[in-house]
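Commentary on secondary and tertiary structure
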Amino acid sequence: MSSFIKRYDQYLDETYYYIKHPSGLEIYVMPKELSTSFAMLTAKYGSFDNKFAKKGGATAVMPEGIAHFLEHKLFDNEDGSDTFERFAEMGAFCNAYTSFDRTAYLFSSTEAHSECLALLLDFVFSPYFTHDSVKKEQGIIAEEIKMGLDSPYNRCFHLLTRLLFTDHPVCREIAGTEESVMQINREMLYSCYETFYSPCNMILTVAGEFDPDKVLSVVNKRIPRSNQRELPREHVPLRRTVKERRGSETAEISKAIFSVGFRDDITCVSGLRAMRRALSASILSELLFGQTSAFYGEMLESGLADRISASYLTCRDIGFAYVNGICDDPEAVYGRVIAAISDMKRRGIDRDAFARAKKGMISDLVRSFNSTEEMCELVTDCAIIGCDAFDYAEVLRGIGVEELEFLLCELYDERFAAMAVIEKNEKSDEEKESNI
Amino acid sequence: MLCHTRELGGGVVLHTVETNKFKTDCISVNFVMPLERETVTRVALLRGLLLRGSEGYPTFEKLSARTDELYGADVSIETSAFGNLLVLSVTAVSLAGRYSVDGTDIIGGVCDLLRRICFFPVTENGGFSPEYTQSEKLRLKDEIEAKINDKGEYAGRRLGEIMYGDGYGGISKLGYAEDLDGITATGAYLFYRGLVSRCPVHVYTVGGMTAEEAEYRVTTIFDGVERDCDGDIHAIRGHKRGVSVKRVAEEMDVKQGKLAIGYRTSAVLSDGRDYASMLVANEIFGSSPVSKLFMHVREELNLCYHCGSAYRAVNGAVTVAAGIDCTKLSIVLEAIEEMLGEVQRGDFDDGELEIAKKSIVSGVRAGFDSARYIISFFIARELCGISDTPEALVARILDVSRDDVCRAARELSLDTVYFLCNDKKAAEEQL
């Protein structure tokens, strides 16, 4: 086998092969016996990357939503063929998505896996944009944006990010606005493509019926070996402050939807330390607001709030913990959230609960290896922060309760908290009644 | 893939799918009953109530702590409708025994927990706990009312209600807020006792367990449980067609109009060949990114971001859903009709036909990478009283001809057009 690094994990009973291609592309191959094989080609380019330095030093400022727009347009081919159809001819299904820090192109296949991989690389590495096709896409994306605006949960999440981060692109919508996508043109798309779709800014993960050498030969045929370069990403220094503590909008919904968030202070964006912080914060969110927490039990019994979910999200230089749900009285729930945190700060973290929460997270890790798709997602997530997915369990086991207590004080600091609420639109209720 | 079936007595049937492809074991206990407007709310209430506390784990917190101890076992309760039947499923997914590093008997613990959750809930004076009952009634009320939050799903539900009227297809499996007041802790408990002792039960296991091991394990779930089963019940064939097309527009504060269309078909899951033909017809019509609806309505006319169809094989319906600009309703309706016409007339090339078949076959194969899909595949067929295997289904799909597709598509009749929008009057003019 060529210079692949092989790693086997005994507990998971899984193996991956890794190589950094001369082009800079990072490749992970995970052989797996399931019916579905899966591949994911990820560019480390997302809605965060709206500003960048062009060749010669000038700063380019792109319209919001351009990374997502580019994702849609890469499906177009110069010969007029339809990318979906080319995959479908092989019984495969392809798709793509854009998030804050990445654009991922993926397929699942049950046969002809290598041919599908070749096709994936072909279409992502052959941009073809025309004025007409850009214009056409503006209409489709406008409808996609409107669809998002009709989801009160989406709106609540975005409102929270706007409250917590006034100084960061996380507060902008990934798909942009109806106005911003109208400003996008063909030249801008090419400029973004040239800047960010360099193999050295990309990761390829494949899981299923794949042979490492065969994957490498497919890549070799399609990707030039050179072209390594530094990426001109904009870095804005951040200061941990939250100016507006409350924000609300209305929608025609049954009850108020709330999201309480705590802005984190990220000092380390990559490597094992970043992974450790993300995992620690996840355990903490489970202990504070998860199904076994005193808070969850209290909400269930008092009926103050329902559909509680909590998590920790981190991406490059930002991170925040949040707890969501539906309720009648958001301020009362906010009070209980703060009380639950104070209570844990006072009493310390329960050792048994801590051990159980870790067991639950190990279980989630093992389960993700039931699916080639989840395997690719996990390995890509880790690769993006420069970590190894097979270190996940070890890092998790190494987290101690004292460390978590320290993080509890640092992360759950009310000075950096905010609450977003989507209120029930009372007016529309009256209107409806008058109609009847 | 084989599903090994064995009667355990007392109206309990065990179905085992043995496979080593998963790192988890899945056990699903399914109580089968008629879907009725009068009882559906009480069944829906059980989903939350049975998880509030059981003998030995009297609170939700203690139950959840126990599942965490069992290496993050995931226990969920849900209801699903299969035509005229309603199924209450209590499902546990847990890590395979080899992942236990501290000697915990995961599957033994999971079976014990399933037994407690299904048959030994917390009781007080011959009823459920009044406190839990009250709290779950409020939660269910919230859940029912929250149906308006997701506008697309809401439109789909309204379509079903209008399409089937009083028929079982129009019954909401979440139940009805107005029925909650009449439910008491004692009444709910008596209803539940009748249900778990009399309903036929189908237990499915998917994972490393052999049929013998599964029988041994699953038998423990029913330890000390008295059963008095009335005998098995099966789904009946689809609905009668409506007499005239129903066109309904409703108003809500939405940024984008949500269109939902329902067609009737007599082809249902138990019609082996017709079912396969309709699957292929639906795939060509609107069920994939290369379908006529996606390619024409989205890619050529740029009228929407999503527009697709789904075949509801138990009730005998094909539904179309799209999010569109409220002012463009009539153009979209026309385009959808035109696309269906193309499928009916055979206006598609052999390539499209082959792609459609490949796509469905891939979907079936991919589904068998998921324990939940495997269970839903076999239970749907069990309830319809047919036996089928994924391999046989694949063979039937590959056998579908162009004529079969046209025949299936021609057999579709428009039943209901529903539009949720921000201007009812304007929409009615376009309907």
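So, how was this worked out
Residues numbered from 1 in each chain as written. Chains lettered and ligands numbered in written order. Predicted model: local features only at pLDDT ≥ 70, side-chain atom pairs only at ≥ 80, totals over all residues. Heavy atoms only, no water. Helix = DSSP H or I, 4+ residues; strand = E, 2+ residues; numbered from the N terminus. Rg over C-alpha atoms; globule rule 2.2 N^0.38 Å. Areas by Shrake-Rupley, 256 points an atom, 1.4 Å probe, with all protein chains shown as cover. Domains from an automatic or database assignment. Contact = heavy atoms within 4.5 Å. Buried area = accessible area lost by both parts, 1.4 Å probe. Salt bridge = Lys/Arg side-chain N within 4 Å of Asp/Glu carboxyl O. Buried < 20%, exposed > 50% of the residue type's maximum accessible area, 1.4 Å probe, protein only. 1 Å grid on protein atoms, 1.4 Å probe; cavity = no way out; pocket = protein on both sides within 12 Å on 5 of 7 lines; lining within 4 Å. Points joined across faces, edges and corners; volume = space filled by probe spheres on them. Expected span 1.5 Å × (residues − 1). Pairing = 2+ DSSP bridges. Axes fitted to C-alpha atoms, helices over the stretch in contact; angles between N-to-C directions.

Topic: the overall build of chain A
Each helix and strand in chain A was counted, giving 16 helices and 14 strands. Its C-alpha atoms give chain A a radius of gyration of 23 Å, within 12% of the compact-globule value 22 Å for 436 residues. Surface accessibility of chain A: about 17800 Å² in total, with carbon and sulfur atoms responsible for 48%.

Here we look at the domain arrangement of chain A
By a widespread convention, an interface's size corresponds to the accessible area lost as its parts come together. Residues and elements named next belong to chain A. The domain boundaries assigned to chain A delineate domain 1 (5-222) and domain 2 (246-435). For domain 1 versus domain 2, the distance between C-alpha centres works out to 27 Å. Contacts between domain 1 and domain 2 engage 45 residues on the former and 50 residues on the latter. Carbon and sulfur atoms supply 71% of the area that domain 1 and domain 2 bury against each other, a total of about 4000 Å² over both sides. Across the salt bridge formed by Glu249 and Arg155, the nearest N and O atoms sit 3.0 Å from each other.

Observations concerning unusual backbone geometry
What is expected of a backbone is that most residues other than glycine have negative phi and most peptide bonds are trans. Residue and element names in this part refer to chain A. If you check the backbone angles, Ala112 has positive phi at about 45 degrees while not being a glycine. With respect to the helices and strands, the residue Ala112 is situated in the loop between β8 (103-109) and α3 (113-124). Take Ala112: its relative accessible area is 27%, and that puts it in the partly exposed class.

Quick word on the layout of surface pockets
If you roll a probe as big as a water molecule over the atoms, it shows you where there is empty space left. Approximately 660 Å³ is the volume attributed to the second largest pocket. Residue lining of the second largest pocket: 32 residues in total, with Thr36, Phe93 and Ser108 of chain A together with Gly363 and Ala366 of chain B positioned closest to the centre. Within the residue set of the lining of the second largest pocket, elements represented by two or more residues are β4 (37-43), α2 (83-88), β7 (93-98), β8 and α13 (372-384) of chain A together with α12 (350-367) of chain B. When residues in the lining of the second largest pocket are grouped by element, the largest group, five residues, is from α12 of chain B.

A closer look at the domain arrangement of chain B
All names here are of chain B. Domain assignment breaks chain B into domain 1 (4-221) and domain 2 (246-430). Domain 1 and domain 2 are separated by 30 Å when their C-alpha centres are compared. The interface is formed by 32 residues belonging to domain 1 together with 31 residues belonging to domain 2. Between domain 1 and domain 2, the buried area comes to about 2700 Å², and carbon and sulfur atoms account for 74% of it.

Description of helix α13 (residues 371-383) of chain B
All names here are of chain B. For α13, with 13 residues, the first-to-last C-alpha span of 18 Å sits near the 18 Å given by 1.5 Å per residue. Listed as buried for α13 are Ala371, Ile374, Ile375, Phe377, Phe378, Ile379, Ala380, Arg381 and Leu383. In the segment just after α13, Gly385 is the residue with positive phi, at about 75 degrees.

Observations regarding the sheet that holds strand β10 (residues 246-251) of chain A
Residue and element names in this part refer to chain A. Strand order in the open sheet made by the five strands is β10-β14-β11-β13-β12, with mixed pairing throughout. Either end of the sheet is taken by a strand with one partner, and the two such strands are β10 and β12 (305-315). Neighbour to neighbour, the strand axes of the sheet diverge by 15 degrees on average, direction disregarded. Direction of pairing for strand β11 (residues 256-263) relative to strand β13 (residues 318-327): antiparallel, over a ladder of eight bridges. Within β13, the position partnered with Phe262 by the bridge is Ala321.

Remarks on the pattern of salt bridges
All names here are of chain A. According to the stated counting rule, one finds 61 salt bridges over all chains in the structure shown. The salt bridge partner of Arg7 is Asp388, with a shortest N-O separation of 2.7 Å. Of this pair, Arg7 sits in strand β1 (residues 5-9) while Asp388 sits in the loop between α13 and α14 (392-398), and the two are 381 residues apart along the sequence. On the basis of relative accessibility, which here comes to 16%, the residue Asp388 falls in the buried class.

Observations concerning the interface of chain B and chain A
With 58 residues of chain B at the interface, the matching set in chain A holds 56 residues. A combined buried area of about 5400 Å² lies between chain B and chain A, and 53% of that area is made up of carbon and sulfur atoms. At the boundary of chain B and chain A, one finds nine salt bridges. For Arg139 of chain B, the salt bridge identified is with Asp306 of chain A, shortest N-O distance 2.8 Å.

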